[in-house]
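Architecture and fold: a report
Below are the chains, spelled out letter by letter.
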Amino acid sequence: MNILGRITELPELPGPLAPLKEMAYNVWLWWSWTPAAQELYRKINPSLWEECHHNPVKLLLEASPERLADLAEDPEYTAAVEAVYQSFRAHLKSRPKPTTGTIAYFSAEYGFHESLPIYAGGLGVLAGDHVKAASNLGVNLVGVGLFYHRGYFHQHLSPDGVQTEYHETLRPEDLPLGAVRTAEGKPLKVAVEIEGRTVWITAYQVQVATVPVYLMSTYLPENTPADREITAELYNAEPGMRIRQEIVLGIGGVRLLRALGYDPHVWHMNEGHSAFIGLERIRELVAAGLGFEAAAEAVAASAVFTTHTPVPAGHDVFPFDQVAHYLNGWWDQLGISRESFLNFAREDRDHGPVYSMSVLALKTSRYAGGVSRLHGETSRRMFQHLWPGLEPEEVPIGHVTNGVHTWTWLAPTLRDLYERYFPEEWMQELSQPDNWTTDELPAGELWAARRSLRESLIREVRLRLREQRLRSGEPPARLRAAERALDPGTLTVVFARRFATYKRADLLFHDPERLRAIVNGPYPIQIIFAGKAHPKDEPGKAMIQKIVRLVRELELEDRILVLEDYDIALARTLVFGADLWLNTPRRPMEASGTSGMKAALNGGVNFSVLDGWWAEAYDGQNGWAIGTEREYDTLAAQDAADAASLYDTLEHEILPLFYARDAEGIPTGWLGRVRRSIKTAGPRFSAERMVRDYLSSFYQPAEKHGLELAASDYRGARELARWKHQLDQAWPHVKLEVRAPGDLRLNGKQLEITAVVDPAGLDPEHLVLELMLRRGPGGPLTTVPFEAAGNQGGRLHYRISYRPERPGSYVYGVRLSARHPLFAHPHEVAFVKWA
């Protein structure tokens, strides 16, 4: 056929079933965390529900009209539809009132559901959970991202573990997406300039209960074929494609929100991919009459940046000439030189300077953080060079530890169990520890639920494994073996995450013979691996092949499996049913690790390196640690020590505890860990707690600070810019003279230091002189202010008498810094002099 176009006829449902259409299209994601709603769609056609990847829109498009008519006459089914619909309406009405103005949340990927594969992994799933939790809490959030019409890749694995990738074409009309339109009913379009030409952008809206998320697309006939491809694939590695995607996301995203009438009070960059937000917002203010410096102050005051990884590949950098090529002329629009424009996001690497999106994000935000306590510490060290003269603890990068959307990631079986034994308000107050009364769960019921979930996992694994082997053309014996794979009564270990080398999926195979002895030992154990390697990550792909090869050589193919095409659907099955969740990153490279939180929520017990979230969650009773928090001289030494810890703990602690049963066949000791795992992870690592932390630590302060600097025609922003310009001129002429005793044994006496400062015309109220002490190598930092001792001829005199509260050996120094009352942080900018 010579195709002229494509039409889609939306289903006209019988009256009693009409709410199914509204819930599928208008409030798509609410059903995805509501088991009763999912069951309504599944009952229409169970096999079609699976074929459609649990997509209700596609299901309704493909469902038999006769079947729908029959269900409309079924009083039990229609009553269930009405009950679920009323539950949905009650959910919307019960949302708390917003406490802030609009918060614009930008992310390059969103992992809402498996039927919309525009996510690669943890970053996208975290973004999806953030949006869902914001809706649950009534946060005034609007999301912005990209609609990739070929999504992220699907993975095939050959019998030898060779990964190949393929993409499916996503049709918006088959998805719970609505085209964003103007008041006249025409598709809304905005434009960006790339390489001197206009690129047009349209958008689709997905409604996450009360939160709208706008997904932009350049797949328009007005654009060249090359520009239509900008939003084709997530993380396309084609040269120049990443920066073009980020121009559309950041600059186009701001323009889209303006066209829709939004005026956000806070702008949140979820990773550096969207950092061009800052440039576009500065451009708007410069066009309105502000100077670049004042505009930059105003923009940064109301911006939040979350960095998600310490891995260099996770921080996009571009050559200067590439940035100048794709953003040619932007420096003129900002009123600065080409050199200043490029240096604004400069990061010096061994091969020369590059334009860093993470540096740009930090320069255009005053509120930044990592995604766990340890990752916050790592990020402060990683970016310390941007604040010369500060100690690592003082770098203005905090953290909000990630969390997971409980309603999405809790198995329905356990949700029912918890609702019977937890307090009535449990589901409405997920972050309250007192509501997680796991001691009230009867051992028999808890163990029965865990067994049921493991059995469901094994059924799904068998189906997927058989399909995987059938597609690869493996012989009938291998297909029959897939149907018998794994044992429902055996301890089931899962390692499921992206195959990146720092995650060390192969650590379990560090000593192959030791592993074989454990697997073939007195206590049965079975292990499931799942995960994708990035198409350009050859070491990651090689790791998959290595594991497949070693499993075959060790003759453990019936006990250790590698599954292909890890996605949200498979992730749910695995976190629901895993007994032991294995995580072996090279510390401190794992920023957070939310999959372990999901497993813990469901009674899976974590067995992990003390990195990311587990470094702050582990309490000695809620799981097991691999290795210690120490550092090693070499990577090989770290691997050897961690592998030894893994084997010893697995063989001598975990396996015996799992198989120790009481008279009724219940592993009471193991269930003690299960209860503790649920109780500690459930409230503390929920996405609701995470979003509340963002509100208190970042969103509300950023809104207040942004409004303060914008008031009275940006008087505060202009004042800060003027003051910093004055500091730039005067600071080289500021003089600091200190009289200190050098090395000294106090013996009960005070440390006496005097200092004199020549302020070079600066206001003394803006100068802070401090004694800085650190107890032992790497010990805690103590900061003590000097006392002013007079002004003699314009020279400022200071003194201090100090004795440490705790005995020990200290190093000390004296530091002068400049601060302004309008700073968001004491060390917003590092005007620092050390004596």
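Report follows, based on the coordinates. (Residues numbered from 1 in each chain as written. Predicted model: local features only at pLDDT ≥ 70, side-chain atom pairs only at ≥ 80, totals over all residues. Heavy atoms only, no water.)

With respect to the overall build of the protein
- When its secondary structure is counted, the protein shows 29 helices and 29 strands.
- For a compact globule of 835 residues, the expected C-alpha radius of gyration is about 28 Å, and the protein comes in at 29 Å, within 12% of that figure.
- Dimensions of the protein, computed from the C-alpha atoms along their principal axes, are close to 95 × 70 × 50 Å.
- Split into buried and exposed, the 835 residues of the protein put 57% on the buried side.
- The long-range share in the protein, meaning contacts at least 24 apart out of those at least 6 apart in sequence, stands at 72%.
- Here the protein displays about 33,800 Å² of accessible surface, and carbon together with sulfur accounts for 50% of that area.
- Each charge class in the protein can be summarised by its mean position, and for the 90 positive and 106 negative side chains these summaries are 2 Å apart. (Helix = DSSP H or I, 4+ residues; strand = E, 2+ residues; numbered from the N terminus. Rg over C-alpha atoms; globule rule 2.2 N^0.38 Å. Buried < 20%, exposed > 50% of the residue type's maximum accessible area, 1.4 Å probe, protein only. Contact = heavy atoms within 4.5 Å. Areas by Shrake-Rupley, 256 points an atom, 1.4 Å probe, with all protein chains shown as cover. Lys, Arg positive; Asp, Glu negative; His and termini not counted. Charge placed at Lys NZ, Arg CZ, Asp CG, Glu CD.)

What to know about the environment of Asp648
- With respect to the helices and strands, the residue Asp648 is situated in helix H27 (residues 635-658).
- By relative accessible area, Asp648 is classed as partly exposed at 35%.
- Residues Asp648 and Ile626, spaced 22 residues apart in sequence, show a C-alpha to C-alpha distance of 9.6 Å.
- Beyond its immediate stretch of four places on either side in the chain, Asp648 contacts Arg514 and Glu653.

Details of the nonpolar core
- Counting residues in hydrophobic clusters, the biggest one holds 272 residues, and the most contacted among them are Phe341 and Tyr355.
- No other element matches helix H29 (residues 687-730), which puts 15 residues into this core. (Core = buried A, V, L, I, M, F, W, Y, C linked by side-chain atoms within 4.5 Å.)

What to know about the environment of Arg498
- Within the secondary structure, Arg498 is located in the loop between strand S16 (491-496) and helix H22 (512-519).
- In sequence terms Arg498 and His273 are 225 residues apart; their C-alpha atoms lie 19 Å from each other.
- Apart from the residues lying within four places of it in its own chain, the contact partners of Arg498 are Lys503 and Lys532.

Considerations on the pattern of salt bridges
- On inspection of all chains with the given rule, the structure shows 60 salt bridges.
- The salt bridge partner of Arg676 is Asp619, with a shortest N-O separation of 2.7 Å. Taken as a pair, Arg676 in helix H28 (residues 668-684) and Asp619 in the loop between helix H26 (614-617) and strand S21 (623-626) lie far apart in primary sequence, 57 residues in all.
- A cluster of three or more residues bridged by salt bridges with shared partners is formed by Lys58, Glu62, Arg171, Glu173 and Asp174. (Salt bridge = Lys/Arg side-chain N within 4 Å of Asp/Glu carboxyl O.)

Comments concerning the packing of helix H20 (residues 443-471) against H28
- With their axes 11 Å apart at the nearest point, H20 and H28 run at an angle of 80 degrees to one another. The orientation of H20 relative to H28 falls into the category roughly perpendicular. Along the contact surface, H20 presents Ala443, Leu446 and Trp447, while H28 presents Leu671, Val674 and Arg675.
- Here the residues of the contact of H20 with H28 are counted per class, giving five nonpolar, no polar and one charged. (Axes fitted to C-alpha atoms, helices over the stretch in contact; angles between N-to-C directions. Parallel < 35°, antiparallel > 145°, perpendicular 65-115°, else oblique. Nonpolar A, V, L, I, M, F, W, Y, C, P; charged D, E, K, R; others polar.)

What about the pairing of strand S12 (residues 346-349)?
- Here S12 runs beside strand S13 (residues 352-356); their pairing, made up of four bridges, is antiparallel. Following the sheet pairing, Arg349 is matched in S13 by Gly352.
- Counting the residues that bridge the hairpin from S12 to S13 gives two residues. (Pairing = 2+ DSSP bridges.)

What to know about the packing of aromatic side chains
- Scanning the entire structure with this criterion turns up 37 aromatic pairs.
- Note on Trp723 and Phe823: the rings are 5.6 Å apart at their centroids and 80 degrees apart in plane angle, and the pair reads as edge-to-face. Residue Trp723 is located in helix H29, and its partner Phe823 is located in the loop between strand S28 (810-818) and strand S29 (832-834); the two are separated by 100 residues in the primary sequence.
- On the basis of relative accessibility, which here comes to 2%, the residue Trp723 falls in the buried class.
- Given a relative accessible area of 10%, Phe823 falls into the buried group. (Phe/Tyr/Trp six-rings, centres within 6.5 Å; stacked < 30°, edge-to-face > 60°.)

What to know about the side chain of His827
- Tracing the chain through its elements places His827 in the loop between S28 and S29.
- Residue classification places His827 among the buried residues on the basis of a relative accessible area of 8%.
- In this structure the side chain of His827 is engaged in a polar contact, spanning 3.5 Å, whose partner is the side chain of Arg815.
- For His827, the residues in contact, after removing those within four places along its chain, are Trp387, Leu390, Glu394, Pro396, Arg815, Ser817 and Arg819. (Polar contact = N/O pair within 3.5 Å; in protein donor to acceptor, adjacent residues only side chain to side chain.)

So, the packing of H22 against H27
- Between H22 and H27, the least distance of the axes is 10 Å, while the angle of their chain directions is 10 degrees. In terms of orientation, H22 lies roughly parallel with respect to H27. For the pair H22 and H27, contact is made by Arg514, Leu515 and Ile518 and by Tyr647, Asp648, Leu650, Glu651, His652 and Leu655, respectively.

Side note on the sheet that holds S28
- Strand order in the open sheet made by the four strands is S25-S24-S28-S29, with antiparallel pairing throughout. With one partner strand each, in any of the chains shown, strand S25 (781-785) and S29 form the two edges of the open sheet. Averaged over all adjacent pairs, the angle separating strand axes in this sheet is 30 degrees, with direction ignored.
- Bridge count between strand S24 (residues 767-775) and S28: nine bridges; the pairing is antiparallel. Its bridge partner being in S28, Arg775 is matched across the sheet by Tyr810.

Details of helix H23 (residues 538-553)
- Here H23 is 16 residues long and its end C-alpha atoms lie 22 Å apart, about the 22 Å a rise of 1.5 Å per residue gives.
- Taken as a whole, H23 has its buried residues at Gly540, Lys541, Met543, Ile544, Ile547, Val548, Leu550 and Val551.
- Each element contacted by the buried residues of H23 is listed here: strand S3 (154-157), strand S4 (163-166), strand S17 (525-530) and strand S18 (560-563).
- Between the side-chain oxygen at the start of H23 and the backbone nitrogen of Gly540 there is a gap of 3.0 Å, and the oxygen is on Asp537.
- Two residues or fewer past H23, Glu555 is found with a positive phi of approximately 55 degrees. (Expected span 1.5 Å × (residues − 1).)

Some details on the sheet that holds strand S26 (residues 787-792)
- With respect to topology, four strands assemble into an open sheet ordered S22-S23-S27-S26, the strand pairing being antiparallel. The two strands at the open ends of the sheet, each matched to only one other strand, are strand S22 (735-739) and S26. Across the sheet, the axes of successive neighbouring strands diverge by a mean angle of 20 degrees, strand direction being ignored.
- For S22 and strand S23 (residues 751-758), the ladder comprises five bridges, and the chain directions are antiparallel. Looking at S23, one finds that Leu736 is bridged to Val757.

Quick word on the side chain of Thr594
- Looking at the secondary structure, you find Thr594 in helix H25 (residues 594-601).
- Using a relative accessible area of 10% as the deciding quantity, one classes Thr594 as buried.
- When residues no more than four places from it in sequence are discounted, the contact partners of Thr594 are Asn402, Gly403 and Val404.

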